[in-house]
Amino acid sequence: MIRQQPDHAVARRTVLKGAGLGVGAGLVSGMAPKTQAQTAPAPAADASIWSSEYWADKGAGVRLNLWRKRVGAPTVGQPPLPVLFLVHGSSNSARSSYDLSVPGKDEYSMMNVMAGYGFDVWTMDHDGYGRSGSSGNNSDIASGVEDLKAALPVVLKESGQPKVHMYGTSSGAIRAGAYAQAAPERVDRLVLSAFTYKGTGSPEIARRLAVADRYRNNPRRTRDLKMIRSIFTRDGLASGYDMAVADAIAADELQFGDQVPTGTYYDMAVNLPLVDPKKVMAPVLMVRGSHDGNSTNEDLLDFYAQLPNGDRQFVILPHTAHSLGYGNNRHLPWYATRNFLAAPSAVAS
């Protein structure tokens, strides 16, 4: 059974402030639309964000928490907005990943930014994370695909769209890629941010491999403030972040406890590759930071070269590391994503 909670937590706030507005200004006017349902309009900067919470039933008593934001509440008879579904990574749940508020700082919410571009933006806490229930498993990539299979019927029913754009970061990109492989009819355009293919040459994957038994034997691992801060320092580009972001993540995440599942860490240590590029049919944007220790250019270009869809892009962003959405240059992946999702259809030759 799927139930929607009343939107008691609806937050109304200005969409894009300061530098955030500049990310997409002027992008829409020169683009030929695909269809009314697929193309994101450019709403006024003072429009209000509407939000609502939903639940999906994974089975075995596990309910998954979904969070939705868009400009204005959906109205009967209104054409549906294009849907963007954001898939979180290994160490943080959905809202701290994509709807983070950092006191005294500019915009860090990708949900707000993409809603401001005209998307109907959704995200979800995976099994064992955040507000979702836990099956007791280690929430590996296969489990994450099952989570997405449970969530998408809710998203499609509520949005009125037959498919979604999907964006995943880090292990969330692996989850998104694996889902796109399993359910190609549900994915329109796919963004793989901070993705790892085989992990060859990656110092971070090597570190995880060295302690793989720890992840194999324990379904959960410690995730405290020290660990969260290490996400921003391990790639050797700590100057690319404001550490107030780590503190804001910790304040949001530690209300759920100091542990998260080990499954994606274990998968990335010993089970790569988990996505077959030849089976990903959607148009794909691959985005990586120039200092991302979870992958190498060679590893990702190997994946990219095998993608069957000619509608694909590979982007390396300067002065960025693994956690692109948390960095000082977070406007760069937002720009690249917006540009890719709003691209006009190619004329068949």
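Definitions and cut-offs
Residues numbered from 1 in each chain as written. Predicted model: local features only at pLDDT ≥ 70, side-chain atom pairs only at ≥ 80, totals over all residues. Heavy atoms only, no water. Core = buried A, V, L, I, M, F, W, Y, C linked by side-chain atoms within 4.5 Å. Buried < 20%, exposed > 50% of the residue type's maximum accessible area, 1.4 Å probe, protein only. Helix = DSSP H or I, 4+ residues; strand = E, 2+ residues; numbered from the N terminus. Phe/Tyr/Trp six-rings, centres within 6.5 Å; stacked < 30°, edge-to-face > 60°. Polar contact = N/O pair within 3.5 Å; in protein donor to acceptor, adjacent residues only side chain to side chain. Contact = heavy atoms within 4.5 Å. Expected span 1.5 Å × (residues − 1). Axes fitted to C-alpha atoms, helices over the stretch in contact; angles between N-to-C directions. Parallel < 35°, antiparallel > 145°, perpendicular 65-115°, else oblique. Left-handed = near helix turned anticlockwise from the far one by under 90°. Nonpolar A, V, L, I, M, F, W, Y, C, P; charged D, E, K, R; others polar. Pairing = 2+ DSSP bridges.

Student: Before we move on, can you summarise the nonpolar core with the specific residues and values?
Tutor: Soluble, globular proteins show a tendency: their nonpolar side chains are buried together. The biggest cluster of nonpolar side chains holds 46 residues, and the ones touching the most others in it are Leu66, Phe85, Met166, Leu190, Phe195 and Met286. Top element by residues in this core is helix α4 (residues 141-159). It accounts for nine residues. Among the nonpolar cores identified, the runner-up in size contains 24 residues, and Ile49, Ala115, Val287 and Leu324 belong to it.

Student: Requested: an account of unusual backbone geometry, with residues and values cited.
Tutor: Put simply, Leu272 and Pro273 share a cis peptide bond, and its omega is 0°. Topologically, Pro273 is positioned in the loop between α10 (263-270) and β9 (284-289). Non-glycine residue His319 carries a positive phi angle of around 55°. The class of His319 is exposed, set by a relative accessible area of 59%.

Student: So, the packing of aromatic side chains: which residues are in play, and what are the values?
Tutor: Taken as a whole and judged by the stated rule, the model has eight aromatic pairs. Aromatic side chains Tyr54 and Trp122 sit 4.8 Å apart centroid to centroid with 35° between the ring planes, which places their arrangement in the tilted category. With Tyr54 in strand β1 (residues 49-59) and Trp122 in strand β4 (residues 120-124), this pair connects stretches of sequence that are 68 residues apart. Side by side, Tyr54 and Trp122 carry an identical accessibility label, which is buried. A ring pair is formed by Tyr304 and Phe314, whose centres lie 5.7 Å apart and whose planes are at 70°; its orientation type is edge-to-face.

Student: Explain the side chain of Asn92 to me, using residue names and the numbers behind them.
Tutor: When you line up the elements, Asn92 lands in the loop between β3 (83-87) and α2 (94-98). Using a relative accessible area of 7% as the deciding quantity, one classes Asn92 as buried. Of the polar contacts made by the side chain of Asn92, one reaches the side chain of Tyr326; its length is 3.4 Å.

Student: Break down the environment of Ala246 for me, citing the residues and quoting the values.
Tutor: Structurally, Ala246 can be placed in helix α9 (residues 244-253). Here Ala246 falls in the buried class, since its relative accessible area comes to 0%. Distance in space between the C-alpha atoms of Ala246 and Tyr326 is 8.7 Å, their sequence separation being 80 residues. Not counting residues within four places of it along the chain, the set of residues in contact with Ala246 comprises Leu225, Ile228, Arg229 and Phe232.

Student: Outline the side chain of Ser132, listing residues and values.
Tutor: One can find Ser132 in the loop between β4 and α4. When near neighbours in sequence (up to four residues on either side) are disregarded, Ser132 contacts Arg63, Leu64, Asn65, Asp125 and His126.

Student: How would you explain helix α5 (residues 171-182) if you had to name every residue and give the values?
Tutor: With twelve residues, α5 ought to run about 16 Å at 1.5 Å a step, and its terminal C-alpha atoms sit 16 Å apart, in line with that. Listed as buried for α5 are Ser171, Gly172, Ala173, Ile174, Arg175, Ala176, Gly177, Ala178, Tyr179 and Ala180. Buried residues in α5 make contact with β3, α4, β5 (164-169), β6 (187-193) and α10.

Student: Lay out the packing of helix α8 (residues 225-233) against α9 with the relevant residues and their values.
Tutor: Their axes nearest at 9 Å, the elements α8 and α9 cross at an angle of 140°. Considering their axes alone, α8 and α9 lie oblique with respect to each other. Where α8 crosses over α9, the handedness of that crossing is right-handed. Facing Leu225, Ile228, Arg229 and Phe232 of α8, the residues of α9 in contact are Val245, Ala246, Asp247, Ile249 and Ala250. Here the residues of the contact of α8 with α9 sort into seven nonpolar, no polar and two charged.

Student: Can you explain the sheet that holds β3? Please cite residues and give values.
Tutor: Taken in spatial order, the eight strands of this open sheet run β1-β2-β4-β3-β5-β6-β9-β10, and their pairing is mixed. This sheet does not close on itself; its edge strands, each paired only once, are β1 and β10 (312-317). With strand direction ignored, the average angle separating the axes of adjacent strands in the sheet is 20°. Sheet analysis places β1 next to strand β2 (residues 62-71), joined by ten bridges and oriented antiparallel. Along β2, the bridge assignment pairs Glu53 with Trp67. Against the sheet, helix α12 (residues 331-341) contacts β3, β5, β6, β9 and β10, and its axis sits at roughly 160° relative to β6.

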